[in-house]
Amino acid sequence: TTTTTTKRRKVDKSKVLKFVTIKTEVLSEKMSWKILKRKGHVTLCKSKPHAYDEWYSTFREDVTRCNLKPGVAYILQCLDKYGSGWAGGSIKIQGVTYCREDFKFRAGYKKETFFVVKKW
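Residues numbered from 1 in each chain as written. Predicted model: local features only at pLDDT ≥ 70, side-chain atom pairs only at ≥ 80, totals over all residues. Heavy atoms only, no water.

**Q** Just checking my understanding: could you explain the state of the cysteines for this structure?
**A** Think of a disulfide as a covalent bridge from one cysteine sulfur atom to another cysteine sulfur atom. Taken as a whole and assessed by the stated rule, the structure comprises 2 disulfides. Each disulfide pairs two cysteine sulfurs, and for Cys 45 the partner residue is Cys 66, the sulfurs being separated by 2.0 Å. Disulfide Cys 45-Cys 66: the torsion about the S-S bond is 100 degrees, which places it as right-handed. Highlighted residues: Cys 45 in strand 3 (residues 43-46) and Cys 66 in the loop between strand 4 (58-62) and strand 5 (73-80), separated in sequence by 21 residues. In this model, Cys 78 is linked to Cys 99 through a disulfide, with the two sulfur atoms separated by 1.7 Å. Where Cys 78 bonds to Cys 99 through sulfur, the torsion about that S-S bond is close to 80 degrees, and the disulfide is right-handed. Placement of the pair is Cys 78 in strand 5 and Cys 99 in the loop between strand 7 (96-98) and strand 8 (110-116), with a sequence separation of 21 residues. With respect to burial, Cys 78 and Cys 99 carry one shared label: buried. (Disulfide = S-S within 2.5 Å. Helix = DSSP H or I, 4+ residues; strand = E, 2+ residues; numbered from the N terminus. Buried < 20%, exposed > 50% of the residue type's maximum accessible area, 1.4 Å probe, protein only.)

Here's what the structure looks like:
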């Protein structure tokens, strides 16, 4: 009989990205996002359902659960369930603004970009 023991590596929470900032303007209820691993496109985390229900607001969302590590490249997907873009909304990660293309994403329902978590 062979027994395999798998040890989970403990993640140092002081060395992961902690927050992203979401800015809404109009039609914020249609906005959502995902962060994926570049390799394999595995979803690491995503916005909470119905998280952005207030127009012209700013939300600071905790992403510690995602375990996004410095020096690693990830994929950010900005999603719009109506296919008309984020209508002036955006997501800011470590001071860089993404997905702000007024009313149209070039790809319609989804805009995808790469980002690297900076060391701090």
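**Q** Please clarify how the nonpolar core should be interpreted in this entry.
**A** Where a protein is soluble and globular, its nonpolar side chains tend to be buried together. If you look at the biggest cluster of nonpolar residues, it comprises 23 residues, and the most contacted ones within it are Trp 33, Leu 76, Ile 91 and Phe 115. When contributions to this core are tallied by element, the ones reaching two or more residues are strand 1 (19-23), strand 2 (31-37), strand 5 and strand 6 (90-93). (Core = buried A, V, L, I, M, F, W, Y, C linked by side-chain atoms within 4.5 Å.)

Purely spatial values, then, with no claim about function.
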